[in-house]
Each structure stands twice: as structure tokens, then as C-alpha cells.
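Here is how the chains run, residue by residue.
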Amino acid sequence: MGHWLLQLDHTITFSLYHSGALNSTVQKLLYDLASWFVYLTPIALIVLFWQGGKNRINSVKVALAGLFAWFALAAPIGNFLYSHYGFRDRPFVSLGIKELLLQRPDKAFPSDHATFLMAVTLAFFAYGYRKLGWFFLIGGVIISCIARVAVGIHWFGDIVGGWAFGGIGFAVIWAINTQLTNGLNRLFRSKNG
């Protein structure tokens, strides 16, 4: 079963990986999507935060969802798997394919970008920011994450694993939503009072 999944993962990855065959304009676009889209998240969160009220509290909860999924789930589990079992090198390391970004040859699974972007996207939808949710779903979760496969940073399975960890991380934050809201209300009231 595991061998079949790895073979499927490699097949999907190589069908998406085309950067060696693409012109420099498309390579640059993939590079930008793969590396810079995630930085739109803090901009969106800062704008929400400064709008105050419910937006301020929700911006913190969205940030917590992404950071929890990344730092409490994906990063430690991925680092453990990589350091103890050697699972798994990035495609450009293990197969010597061309990689367009200056990326350290560290653990590949799960994708931290995919983890963070999925958790943030789900949180935007859950807290009622549908336009931001759709923007991050299409631009971040789908396009930016798939671009990371296309430029050789991740296997497709790393992205899917990141999406799963992002979903779990969001679910944890959602499960304590009432407590977070109450705590943040008290915090912001005490800062304003």
C-alpha cells in the first residue's frame, strides 16, 4: 500500500514539475507564487486588526490557527520524521532536479506553507471573511502550493500532508473558539481601559 502511494506521489509531482521546460517569464511567475504569496497573510491580518472590534479579535484567531498548525503540528512532526527516519528530502535534493528557489535542503513533509495557508483559509471562511477565504483558497492553497511542486521544492504528497495538518490545526483553534473570544475580549478591554 505504501509503495503504491509513493509511486502515485512521484507521478503527480513529475506531471506538475515543468520548470525546466518553461520560459523564463513563467518560471519567474511560479517562483513568485511559490515564495511570496504567503506574505499576503500578515498584510490581510494587520488590515483586519486595525479595523478594530470583531475584526481585531478574528484577525488574532486566524493568525493563531495558522501559527498553531505550523509550529505546534507540522514543524515538530516533520522535523521528527526527518531527523529520526530520514523522511523525506525535497525533490531537488533526492532526485537532483532543478530547483528555482534558494531553498535549504531540509525536510519536505509536510509543507509548512501548505499547512499555514490551509489553516488560515479555513479560519477566514469560519469567521465570516468569505472574500478573503476564496482569495487564499485559490491563490494560496491551490495556486501557490502547487507552484511549490512545479519549482521542485515539494512533492505533491507534502502539500496534501500540509493541507491535512492545516485542517487539524484550524479544528483545534475552532474547538476553543469561545474561550479564545472571551480571553481576547478581556485582553483588548483591559488594554483600552
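What you see is a predicted model; the values in this text were computed from it and never measured. Within any chain, residue numbers begin from 1 and follow the written order of that chain's sequence. Local features are withheld for residues below a pLDDT of 70 in this predicted model, meaning they are given only at 70 or higher, and side-chain atom pairs are given and counted only at 80 or more; totals for whole chains, interfaces and linings count all residues. Derived side-chain values reflect all non-hydrogen atoms in the structure, with water molecules and hydrogen atoms excluded from consideration.

## Digging into the packing of helix α4 (residues 53-85) against helix α8 (residues 156-175)
Then comes step 1: Axis lines are fitted through C-alpha atoms, for helices just across the contact stretch, and the angle between N-to-C directions can take any value from 0 to 180 degrees. Per the convention used, a helix needs a DSSP run of H or I reaching at least four residues, while a strand needs a run of E reaching at least two, with both numbered from the N terminus. One way to put it is that α4 packs onto α8 with a least axis distance of 8 Å and a crossing angle of 130 degrees. Relative to α8, the element α4 is oriented oblique. In this structure, α4 meets α8 at a crossing whose hand is right-handed. In contact with K61, L64, A65, F68, A69, L73, A74 and I77 of α4, α8 contributes F165, G166, I168, G169, F170, V172 and I173. Our angle categories are set so that under 35 degrees counts as roughly parallel, over 145 as roughly antiparallel, 65 to 115 as roughly perpendicular, and the remainder as oblique. Working rule for handedness: look at the near helix, and if it is turned counterclockwise from the far one by less than a right angle, call the crossing left-handed; if clockwise, right-handed. Residues count as neighbours in contact if any of their non-hydrogen atoms are within 4.5 Å of one another.

## Notes on the packing of aromatic side chains
Then comes step 1: Any two of the Phe, Tyr and Trp rings considered here, Trp counted by its six-membered ring, make a pair once their centres fall within 6.5 Å; the pair's planes then place it as stacked at under 30 degrees, edge-to-face at over 60, or tilted in between. Evaluation of the coordinates by the stated rule reveals 12 aromatic pairs.
Then comes step 2: Here W70 and F116 contribute two aromatic rings whose centre-to-centre distance is 5.8 Å and whose plane-to-plane angle is 70 degrees, an arrangement assigned as edge-to-face. With W70 in helix α4 and F116 in helix α6 (residues 112-126), this residue pair connects regions lying 46 residues apart in the sequence.
Then comes step 3: Throughout, exposure labels follow a simple rule: accessible area from a 1.4 Å probe, protein chains only, divided by the maximum for the residue type, with under 20% read as buried, over 50% as exposed, and the rest as partly exposed. The partly exposed category is assigned to W70, whose relative accessible area is 28%.
Then comes step 4: Through pairs of rings, three or more aromatic residues link up here, namely F124, Y129, F135 and F136.
Then comes step 5: Working rule: Lys NZ or Arg CZ, within 6 Å of ring centre, within 35 degrees of ring normal, means a charge sits over the ring. Lying over the aromatic face of F49, R56 brings its terminal NZ or CZ to 4.5 Å of the ring centre.
Then comes step 6: Above the plane of the ring of F188 lies R56, whose end atom (NZ or CZ) is 5.8 Å from the centre.

## Focus: helix α7 (residues 130-150)
Then comes step 1: Under the 1.5 Å per step criterion, the end-to-end length of α7 is 28 Å for 21 residues, consistent within 8% with the ideal 30 Å.
Then comes step 2: Its axis deflected by about 30 degrees at L137, α7 carries its strongest bend there.
Then comes step 3: Among the residues making up α7, those that are buried are G133, F136, G139, G140, V141, S144, C145, A147, R148, V149 and A150.
Then comes step 4: Phi turns positive, to about 85 degrees, at G152, one or two residues after α7. To estimate how far a helix should reach, multiply one less than its number of residues by 1.5 Å. Bend, in this description, refers to the angle at a residue between axes fitted to the seven residues ending there and the seven starting there.

## What to know about the confidence of the model for the protein
Then comes step 1: pLDDT is a residue-level measure of predictor confidence that goes from 0 to 100. When pLDDT is averaged along the protein, the result is 80; 69% of the residues meet or exceed 70.
Then comes step 2: Note on residues 97-103: pLDDT is under 50 here. Beyond four places in sequence and across chains, it has 26 contacts.

## Thoughts on a nonpolar patch on the surface
Then comes step 1: Only residues whose relative accessible area exceeds 30% and that form no salt bridge enter a patch; like-charged residues are grouped when within 9 Å of one another, and nonpolar side chains (Val, Leu, Ile, Met, Phe, Trp, Tyr) when within 5 Å. Each accessible area is a Shrake-Rupley estimate made with a 1.4 Å probe; only the visible protein chains count as cover when residues are assessed. For this analysis, a salt bridge means a side-chain nitrogen from Lys or Arg found within 4 Å of a carboxyl oxygen belonging to Asp or Glu. Taken together, the side chains of L40, I43, V47 and F135 define a hydrophobic patch exposed on the protein surface, amounting to about 340 Å² of accessible area.
Then comes step 2: With 3 residues, helix α3 (residues 40-51) is the single largest residue contributor to the nonpolar patch.
Then comes step 3: Among the structural elements, V47 can be located in helix α3.
Then comes step 4: Classification of V47 as partly exposed rests on a relative accessible area of 46%.

## Description of α8
Then comes step 1: Between the first and last C-alpha of α8 there are 29 Å, a value that for 20 residues agrees with the 28 Å anticipated at 1.5 Å per step.
Then comes step 2: Within the sequence span of α8, burial applies to F156, D158, I159, G161, G162, F165, G166, G169, F170 and I173.

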